[in-house]
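# A structural walkthrough
Listed below, chain by chain, are the residues.
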Amino acid sequence: MKVLGILGSQARHGITGQLLQTVLDNVAPGVETETIFLEDYQIHPVAVQEHNDLAFLVKKLAESDVWIWAAPTYWRTINGILKKFLDCLRPELVYTKANGDTIPGQFKNKHYLSITDCYVSSFENFVAGITDETFKAIDRVMTAAGVIRIGEIVCPGTLHLQQLPASKVKLCQRYGQKISHRPRKDDSTLKRYLQLFCMIALMSFLTMVIQQGLHSLWSISNFWFNYGSFVIIFCALLFALLHFVTFWKHRRR
């Protein structure tokens, strides 16, 4: 079992590096760890042969079971160092078919954890989603490559921060333990069906309760009125629930 940290920061020991190192320091005994500081390497597209460390870094990725992508958020998105590395990795991450579509390459079914940080406060990041695009950029690349997401760590408010907050240290420690176990191939199909069933059951129950209230106000027993009101109420409740879950669950703080 090997965990590889990829640090795409300009500072080796900055907040981003501290987050990454805290995770690596808390993996279980016997798990091998290694950190790649991207600034130490010459990274160019595969066609460039001279002074290019890309093949060496690809070998490091292939030897590892879990990758930790760690990079600060600049201008509301992924920083240039890591972006360049991911761009140059494209031929290794995916195969491009004749029609331009891509399929996962040699790294399919590996796992990854994402780490980022930003200057803005936790509240502003929660409301405005400053770090969202960084995570989305990494997720898009990893999804195309067939690499499975373990989780993410975000640390806002880093403008004058010198040491990690205790809450972030605990979060890094928890993820260090989580990634220490060789992940099984993820298949959440049954879990998603159960979630969908519970969601539909809840929405149907609430819809029928509201319909009973409407019937007490208007004594209309027409089939089409009942059907139409059920569909409208059900969809309104479902859309509200999905929006609530999407907004609150995926906001980074």
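The preceding data block contains the structure.
The present account deals with the structure reproduced in this document. (Residues numbered from 1 in each chain as written. Predicted model: local features only at pLDDT ≥ 70, side-chain atom pairs only at ≥ 80, totals over all residues. Heavy atoms only, no water.)

To continue, consider helix 6 (residues 166-178). Helix length check: helix 6 (13 residues) gives 18 Å between terminal C-alpha atoms against 18 Å at 1.5 Å per residue, within 8%. Turning to helix 6, its buried residues are Lys 168, Leu 171, Cys 172, Tyr 175 and Gly 176. The arc that holds every buried residue of helix 6, seen down its axis, measures 140°, which confines them to one face. Exposed side of helix 6, more than 90 degrees from the buried face: Ala 166, Lys 170 and Arg 174 are the residues found there. Against helix 1 (15-25), strand 8 (111-117) and strand 9 (148-155) lie the buried residues of helix 6. (Helix = DSSP H or I, 4+ residues; strand = E, 2+ residues; numbered from the N terminus. Expected span 1.5 Å × (residues − 1). Buried < 20%, exposed > 50% of the residue type's maximum accessible area, 1.4 Å probe, protein only. Arc of directions from axis to C-beta. Contact = heavy atoms within 4.5 Å.)

Let's shift gears to the sheet that holds strand 2 (residues 32-37). Strands sit in the order 2-1-3-8-9 across an open sheet of 5 strands; the sheet is parallel. The open sheet has two free edges, formed respectively by strand 2 and strand 9, since each of these has just one partner strand. Strand-to-strand twist across the sheet, computed as the mean angle between neighbouring axes with direction ignored, equals 15°. Against the sheet, helix 2 (residues 54-63) touches strand 1 (2-7), strand 2 and strand 3 (66-70), its axis set at about 140° to strand 1. The strands touched by helix 3 (residues 80-93) are strand 1 and strand 3; relative to strand 3, the strand with the most contacts, the crossing angle is about 150°. (Pairing = 2+ DSSP bridges. Axes fitted to C-alpha atoms, helices over the stretch in contact; angles between N-to-C directions.)

A word on the packing of helix 1 against helix 6. Relative to each other, helix 1 and helix 6 sit at 45°, their axes nearing to 7 Å. Classed by the angle they form, the pair helix 1 and helix 6 counts as oblique. Of the two elements, helix 1 crosses helix 6, and the hand of that crossing is right-handed. Across from Leu 19, Thr 22 and Val 23 in helix 1, the residues of helix 6 making contact are Lys 168, Val 169, Cys 172, Tyr 175 and Gly 176. Its residues assigned to classes, the contact of helix 1 with helix 6 shows 5 nonpolar, 2 polar and 1 charged. (Parallel < 35°, antiparallel > 145°, perpendicular 65-115°, else oblique. Left-handed = near helix turned anticlockwise from the far one by under 90°. Nonpolar A, V, L, I, M, F, W, Y, C, P; charged D, E, K, R; others polar.)

Bear in mind that shape data such as this cannot, by itself, settle questions of function.
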